[in-house]
Amino acid sequence: MTEFLDDLRASGPELRLLTDAEDRESYRRDETAHFEPGLPMAVALPSTTEEVATILRIATKHRVAVVPRGAGSGLSGGSAGIEGALTVALTGMNQIVEIDRENLVAVVQPGVVNAELKAAVAKEGFFYPPDPASYEFCTIGGNIGTNAGGLCCVKYGVTRDAVLGLEVVLADGRVVRTGGKNVKDVAGYSLTHLFVGSQGTLGIVTEATLRLRPAPPPKQTMLAFFPTIVAAGQAVAAMTAAGVEPCTLELMDAVTIAAVDDWHNLGLDRSAAALLLVESDRPGSAAADELARAADACTEAGATEVVQATDPAEADWLRQVRRMAFRALERLGVARMEDVGVPRARVPQLLAAIERVAAAHDVRCGTFGHAGDGNLHPTFIWDRGDANAESRAHAASEELYRVAIGLGGTVTGEHGIGAARREFLEEQRGADAVAVMRAIKSALDPLGILNPGRVV
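Note that the coordinates shown come from a computational prediction; the quantities given were computed from them, not determined experimentally.

J.: What should I look at first to understand helix H9 (residues 254-264) in this one?
T.: Residues spaced three or four apart along an α-helix face the same direction, because each turn holds 3.6 residues. Buried within H9 we find Thr 256, Ile 257, Ala 259, Val 260 and Asp 261. Elements in contact with the buried residues of H9: strand S13 (248-253), strand S14 (274-280), helix H11 (312-323), helix H12 (325-330) and strand S17 (364-370). Its side-chain oxygen 3.3 Å from the backbone nitrogen of Val 255, Asp 253 forms the N-cap of H9. The first or second residue beyond H9 is Asn 265, which carries a positive phi of 50°.

See the structure below:
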């Protein structure tokens, strides 16, 4: 590929290009611990849309595969390296181009960190809702690529619900714009929604126009503890049926509670089989009323204790307990986090199935996640180097995918198909639907150079 790299250097003399083995190695993996990726032949770090367009024109000319990448925090292998491919890391395109107060939008480059955008718009009195657990370091481009969610999804939706328009570089180097600042715009096909969640298989996003909201009041927060995990799921279903719409409704099981408590000595109730974190950001007394209704649902489902935060600092502490979940489980060994989702009324059945599947395959499992929108993260854990346990965990994951599909659910709620779940896309969507997806892929990327082997 010397000719390709020489051509790239000649056409883009200002482009940062990493070719040393040590540098390339640092871009090999994302956060998918159980997935073994390839080594990029080089890593490009563009700073402008024009540089991205140049990269793709030359990649098309030489038929070189290209892997777009943000912070590498993904959990489906979607931005991991491909042997001999060029990884394009977009973290250097990290400017907040505009915060438009009059239209309640922000225009940003893909390398902007989620937390930095939140902080910037908060200074203007606004709120950007999507908040993955990795919000402190994940990037907006990566969030768009996977259609990431987070703790606020139950009320505010996933990343797609916050994207009004995109600037995208296609495989042949053409630059297109989809959408814009209009809240209502039905001209033609919804290309914006097509690119969101496509994980770099259809084009590379170089700018996004994002919907902002007025900053909500400070959250009121409570925790509820349960004697069984199914009881916690029943409380979730009861809240949904009663029309309770908190801004956060998160679950942690006993394994996750213990892992978090062991790590930070927080004094959590380790006798509980599960806990629910419930938050309301409604104005005035409406928040207290909403939490009271949520507490009633928890009590009726058998909660052993319901506690409410007394001040914002305590509320933030409770929120951080949930955000620590995956990192705490990672301390126990290799952690394979899954991302299954079901209709909200079926959360109790999914929780029961997770326990059953883990026991059947004799694999340790800690479950947490966004119970309020039916999206859970059962995380299988095994000792490093234990190939037999890893095989059992793999089999458990596959069975769990089929359980979720059988419940009318999905094999991924927010992490994307990537490479790790690719074989199950057709099982969930059907052969005809996947054929349509492949036709779209072929139309936009006829040579198949954009993130090959991912999604479809």
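There's plenty left to go through after this.
J.: I would appreciate a short explanation of the packing of helix H8 (residues 229-241) against helix H10 (residues 285-300) in the present structure.
T.: When two helices pack together, their arrangement is captured by the angle between the axes and the distance separating the axes. Contact geometry of H8 with H10 gives a least axis separation of 8 Å together with a crossing angle of 135°. Relative to H10, H8 is oriented oblique. For the pair H8 and H10, the crossing hand works out as right-handed. Contacts between H8 and H10 pair Ala 235, Ala 238 and Met 239 from the former with Ala 294, Ala 297 and Cys 298 from the latter. Residue composition of the contact of H8 with H10, grouped by class: six nonpolar, no polar and no charged.

J.: I'm lost on the packing of aromatic side chains in this one. Help?
T.: What describes a pair of aromatic rings is the distance from one ring centre to the other and the angle between the planes of the rings. Inspection of every chain in the model, using the stated rule, returns two aromatic pairs. With centroids separated by 5.3 Å and ring planes inclined at 80°, the aromatic side chains of Phe 127 and Tyr 156 adopt a geometry described as edge-to-face. Of this pair, Phe 127 sits in strand S7 (residues 126-127) while Tyr 156 is found in helix H6 (residues 153-156), placing the two residues 29 residues apart along the sequence. Under the relative-accessibility criterion, Phe 127 is labelled buried at 15%. Their ring planes at 70° and their centres at 4.8 Å tell us that Tyr 401 and Phe 424 sit as a pair that is edge-to-face. You can see Tyr 401 sitting in helix H14 (residues 387-406) and its partner Phe 424 sitting in the loop between H14 and helix H15 (425-429), a full 23 residues away along the chain.

J.: Could you clarify how one ought to interpret the pattern of salt bridges in this entry?
T.: Side chains that carry opposite charge are capable of pairing whenever their charged atoms lie near each other. A full pass over the atoms with the stated rule returns 26 salt bridges. Note that Asp 262 is salt-bridged to Arg 270, the shortest N-O span being 2.7 Å. Judged by relative accessible area, which is 46%, Asp 262 ranks as partly exposed. For Arg 270, a relative accessible area of 43% translates into the label partly exposed. Across the pair Arg 402 and Glu 427 runs a salt bridge, and its minimum N-O distance is 2.9 Å. You can see Arg 402 sitting in helix H14 and its partner Glu 427 sitting in helix H15, a full 25 residues away along the chain. A relative accessible area of 43% means that Arg 402 is categorised as partly exposed. You can call Glu 427 partly exposed: its relative accessible area is 38%.

Quick notes on the rules
Residues numbered from 1 in each chain as written. Predicted model: local features only at pLDDT ≥ 70, side-chain atom pairs only at ≥ 80, totals over all residues. Heavy atoms only, no water. Buried < 20%, exposed > 50% of the residue type's maximum accessible area, 1.4 Å probe, protein only. Helix = DSSP H or I, 4+ residues; strand = E, 2+ residues; numbered from the N terminus. Contact = heavy atoms within 4.5 Å. Polar contact = N/O pair within 3.5 Å; in protein donor to acceptor, adjacent residues only side chain to side chain. Axes fitted to C-alpha atoms, helices over the stretch in contact; angles between N-to-C directions. Parallel < 35°, antiparallel > 145°, perpendicular 65-115°, else oblique. Left-handed = near helix turned anticlockwise from the far one by under 90°. Nonpolar A, V, L, I, M, F, W, Y, C, P; charged D, E, K, R; others polar. Phe/Tyr/Trp six-rings, centres within 6.5 Å; stacked < 30°, edge-to-face > 60°. Salt bridge = Lys/Arg side-chain N within 4 Å of Asp/Glu carboxyl O.

So, to be careful, I would describe these as geometric facts and stop short of saying anything about function.
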